[in-house]
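Here is what each chain is made of, one letter per residue.
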Amino acid sequence: MYGAQHLHEFGGLPVVDFQHTSDGGARPAADAVAWRVSVDPYDDDRPWEEEFADFLDKVDPAGVRALVIGQWGEAYEETSAVPIGLVIAAADRLASLEAVFVGDLEAEQAEITWIQQSDVTLLLAAFPALTEFGVRGGSELVFPPAKHERLRALTVQAGGLPAEVVRGVLDSELPALERLDLWLGVSAYEGDTDLADLAPLLAGTRFPRLNHLGVRNSEIQNEIASAVASAPLVAQLRVLDLSNGTLGDEGAAALLEGQPLTHLELLDLHHHFLSDALAERVRSALEPHGVRVDLSEKCEPWGDRGAEGRYTAVSE
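Here's what I pulled together on the structure shown here. As the structure is a computational prediction, the values presented were derived from the model and not from experiment.

**Focus: the packing of helix α5 (residues 195–202) against helix α6 (residues 221–228)**
Moving on, step 1. Axis separation between α5 and α6 bottoms out at 11 Å; the angle between their running directions is 30 degrees. For the crossing formed where α5 meets α6, the hand is right-handed. Across the interface between the two elements, Leu195, Leu198 and Leu202 of α5 pack against Glu223, Ile224, Ala227 and Val228 of α6.
Moving on, step 2. A class-by-class count of the residues in the contact of α5 with α6 yields six nonpolar, no polar and one charged.

Set out below in structure tokens:
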């Protein structure tokens, strides 16, 4: 569908592309931006290894707070293991690193399901000071249960997120985690996560500090909404994000009929398939209590297929 877009902000900093060639202008201070290191295999045969080596030489690595790994080559053929390994090898030089994102590619570079990932938890082990971590692409993605004391935000974006990855995330020991954002995707692209896989999360026993939850971009968004309606976890949330999926009147009605949501600061349902009447019911139930409700991007099913014609915002 719409495809994922380049990050404009990460780790609380604006994202800036590192370029080994310079036009003579001054570069930002190392700690002032999130640095995206990327190569274009179609315009330049320069390997990511050389680009990253130049980055370490030309930007004071000791001051770098946020690093975004962009295109590392033919991302549909080469896994992220090489750039991840190079970043880990430079861990002693990247002494201030607090945020890492792996796979910041747009559709023009590689569709989200083409991005070949690897074991990204190696970065968590190598950088115990990380507070934010993100990854885009579910193919070949490996996320065994990890332990990290300081991580506060975790994002996994996929057109299809394997259940094994979700189970690994939810079995991880992340006592400081405050924000979790999972794009589940569709079954046609390995998105086989079901409600049973999410049950430990929704029970509220996994991450005691979690206050921002996104379980989104799913073709089972109605079932998720129904489960969330009675989930103990919801009581501790400030933000609930069920956007970018196939949510319709069934799921939204379940939310309204379940536990109170008036304690939320934001209920994000954008990219949805709600009728105008149900959307108004959601607004009327929550907005008078100060809850911001995002019901933008109302969608229509494909053709005359009804509920079967609903689609996620990001799939291939």
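Further notes follow.
**What to know about the side chain of Asn211**
Moving on, step 1. By the element assignment, Asn211 lies in the loop between α5 and β9 (212–218).
Moving on, step 2. Beyond its immediate stretch of four places on either side in the chain, Asn211 contacts Glu178, Gln236, Leu237, Arg238 and Val239.

**Some remarks on the pattern of salt bridges**
Moving on, step 1. Counted under the stated rule, the structure contains 14 salt bridges.
Moving on, step 2. Note that Arg216 and Asp181 form a salt bridge whose closest N and O atoms lie 3.0 Å from each other. Highlighted residues: Arg216 in strand β9 and Asp181 in strand β8 (residues 179–185), separated in sequence by 35 residues.
Moving on, step 3. Among the residues examined, Arg216 registers a relative accessible area of 10% and is labelled buried.
Moving on, step 4. Where Lys298 meets Asp276, a salt bridge forms, and the shortest distance between an N and an O atom there is 2.8 Å. With Lys298 in the segment after β12 (292–294) and Asp276 in helix α8 (residues 276–286), the pair connects residues that are 22 residues apart, well separated along the chain.
Moving on, step 5. One network of salt bridges, in which partners are shared, links Asp17, Arg36, Asp104 and Arg136.

**Quick look at the pairing of strand β6 (residues 132–136)**
Moving on, step 1. Burial runs high along β6: four of the five residues are buried.
Moving on, step 2. With four bridges joining them, strand β5 (residues 99–102) and β6 adopt parallel strand pairing. Bridged to Val102 within β6 is Val135.
Moving on, step 3. With helix α3 (residues 121–126) bridging β5 and its parallel neighbour β6, the resulting β-α-β unit is right-handed.

**Points about the sheet that holds β5**
Two strands in a sheet stick together by hydrogen bonds in their backbones, pointing the same way (parallel) or opposite ways (antiparallel).
Moving on, step 1. Taken together, the twelve strands give an open sheet; going across it, the order is β1-β2-β3-β4-β5-β6-β7-β8-β9-β10-β11-β12, and neighbouring strands pair in mixed fashion. Of all strands in the sheet, those with a lone pairing partner are β1 (9–10) and β12, marking the two edges.

**What to know about helix α7 (residues 249–257)**
Moving on, step 1. Along α7, the positions that sit buried rather than exposed are Gly251, Ala252, Ala253, Ala254 and Leu255.
Moving on, step 2. Residues of α7 that are buried in the fold lie against α6 and α8.

**Quick word on the packing of aromatic side chains**
By convention here, two paired aromatic rings are described through the distance between centres and the angle between planes.
Moving on, step 1. Counted according to the given criterion, the structure contains seven aromatic pairs.
Moving on, step 2. Pairing Phe18 with Phe55 gives two aromatic rings, centres 5.4 Å apart and planes at 75 degrees, and the pair type is edge-to-face. In this pair, Phe18 sits in the loop between β2 (13–17) and β3 (34–37) while Phe55 sits in helix α1 (residues 48–58), placing the two residues 37 residues apart along the sequence.
Moving on, step 3. Phe18 sits in the buried class, given a relative accessible area of 2%.
Moving on, step 4. Between Phe52 and Phe55, the aromatic rings sit 6.0 Å apart at their centres with planes inclined by 20 degrees, giving stacked as the arrangement. With a gap of three residues between them, Phe52 and Phe55 both fall in helix α1, about one helical turn apart.
Moving on, step 5. By the ring-pair criterion, three or more aromatic residues cluster together here, those being Phe18, Trp35, Trp48, Phe52 and Phe55.

Reading the values: rules and limits
Residues numbered from 1 in each chain as written. Predicted model: local features only at pLDDT ≥ 70, side-chain atom pairs only at ≥ 80, totals over all residues. Heavy atoms only, no water. Axes fitted to C-alpha atoms, helices over the stretch in contact; angles between N-to-C directions. Helix = DSSP H or I, 4+ residues; strand = E, 2+ residues; numbered from the N terminus. Left-handed = near helix turned anticlockwise from the far one by under 90°. Contact = heavy atoms within 4.5 Å. Nonpolar A, V, L, I, M, F, W, Y, C, P; charged D, E, K, R; others polar. Salt bridge = Lys/Arg side-chain N within 4 Å of Asp/Glu carboxyl O. Buried < 20%, exposed > 50% of the residue type's maximum accessible area, 1.4 Å probe, protein only. Pairing = 2+ DSSP bridges. Right-handed = clockwise from strand over helix to strand, strands pointing away. Phe/Tyr/Trp six-rings, centres within 6.5 Å; stacked < 30°, edge-to-face > 60°.

Take it as geometry only, folks, not as evidence of what the structure does.
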